[in-house]
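Observations on the three-dimensional arrangement
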Amino acid sequence: MEKQGEVKLIGTWSSPFVLRVKVALNIKGVPYESLEEKLPFSKSQLLLDSNPVHKKVPVLLHDGKPVCESLIIVEYIDEVWASAGLPAILPRDPYERAVARFWASYIDEKLFPAMRGTMAAEDEQRKALLEQVISALGLLEDAFGKCCKGGKFFGGETIGFLDIALGGILALVKLFDGAVGVKLLDETKFPKLTAWSEAFCEAESVKELIPEHERLAELAMVIRERLRAAAKAAAPPPS
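Notes on the structure follow.

Definitions and cut-offs
Residues numbered from 1 in each chain as written. Predicted model: local features only at pLDDT ≥ 70, side-chain atom pairs only at ≥ 80, totals over all residues. Heavy atoms only, no water. Helix = DSSP H or I, 4+ residues; strand = E, 2+ residues; numbered from the N terminus. Contact = heavy atoms within 4.5 Å. Areas by Shrake-Rupley, 256 points an atom, 1.4 Å probe, with all protein chains shown as cover. Lys, Arg positive; Asp, Glu negative; His and termini not counted. Charge placed at Lys NZ, Arg CZ, Asp CG, Glu CD. Pairing = 2+ DSSP bridges. Axes fitted to C-alpha atoms, helices over the stretch in contact; angles between N-to-C directions.

Some details on the overall build of the protein chain
Within the protein chain, the secondary structure is distributed over 9 helices and 4 strands. Reading the secondary structure of the protein chain in the N-to-C direction produces β-α-β-α-β-β-α-α-α-α-α-α-α. Counting only C-alpha atoms and orienting by the principal axes, one finds that the protein chain spans roughly 65 × 45 × 30 Å. Intrachain contacts of the protein chain at a sequence separation of at least 6 include 68% that bridge at least 24 residues. Total accessible area on the protein chain is roughly 12800 Å²; 54% of this is exposed by carbon and sulfur atoms. For the protein chain, the distance from the average site of its 30 positive side-chain charges to the average site of its 34 negative ones is 3 Å.

Pasting the structure below:
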């Protein structure tokens, strides 16, 4: 494979969005330097300069040029490292590519916010958000059957764009057991997604990247308390 310039990744070990980029880089066999941020406690000047709009990870630095937003980065990686012999991440068929992008957007706009909200919410609000999560997973269960072509991944026999989009948040899914008391990927409710999650986590490009559960749970507790405190501070005072 030709050298395509210096590659650095600004991120943090716990971020599901950074995980997406790492998986894509592994699939393409791209060597990179990982620049670890100390989120959520501080942000480096490099991060602020590289992503001045959102000030968030991940940011891919390719020969010093920043590329932001995880799914955009994954597409960028697929296009830049598209040499013969390297696996494609996005489907080559235009319709299948549009479908994968649609569901990836759904994950970011619907599933992830509901999951994050559920972990910070309480009582009736938590119940309502949890219903949204279950509903979203049901739709993705159906989508898997239509996308997988009989394979073990959304992309068929190999990990593709939609696998990366959903797979990035698998560690968060597994946190639900302890944080919310609900096992989301129940094989009786979502047999396809349950089998898919096991195959994804065991893939060579993924298995060394999944964050340690106990360490992630500790960080999630800190973040959850911060979110709850922020929600209380933003709530209108009692009349």
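Structural notes on the sheet that holds strand E1 (residues 7-11)
As summarised here, the arrangement of the 4 strands in space is E2-E1-E3-E4, forming an open sheet in which the pairing is mixed. What marks the edges here is a single partner per strand, and that holds for strand E2 (33-36) and strand E4 (65-68). Looking at each pair of strands side by side, their axes are set apart by 25° on average, direction ignored. Pairing analysis gives 4 bridges linking E1 to strand E3 (residues 59-62), with the strands arranged antiparallel. For Lys8, the partnering residue across the bridge sits in E3 and is Leu61. Against the sheet, helix H1 (residues 16-28) contacts E1, E2 and E3, and its axis sits at roughly 160° relative to E1.

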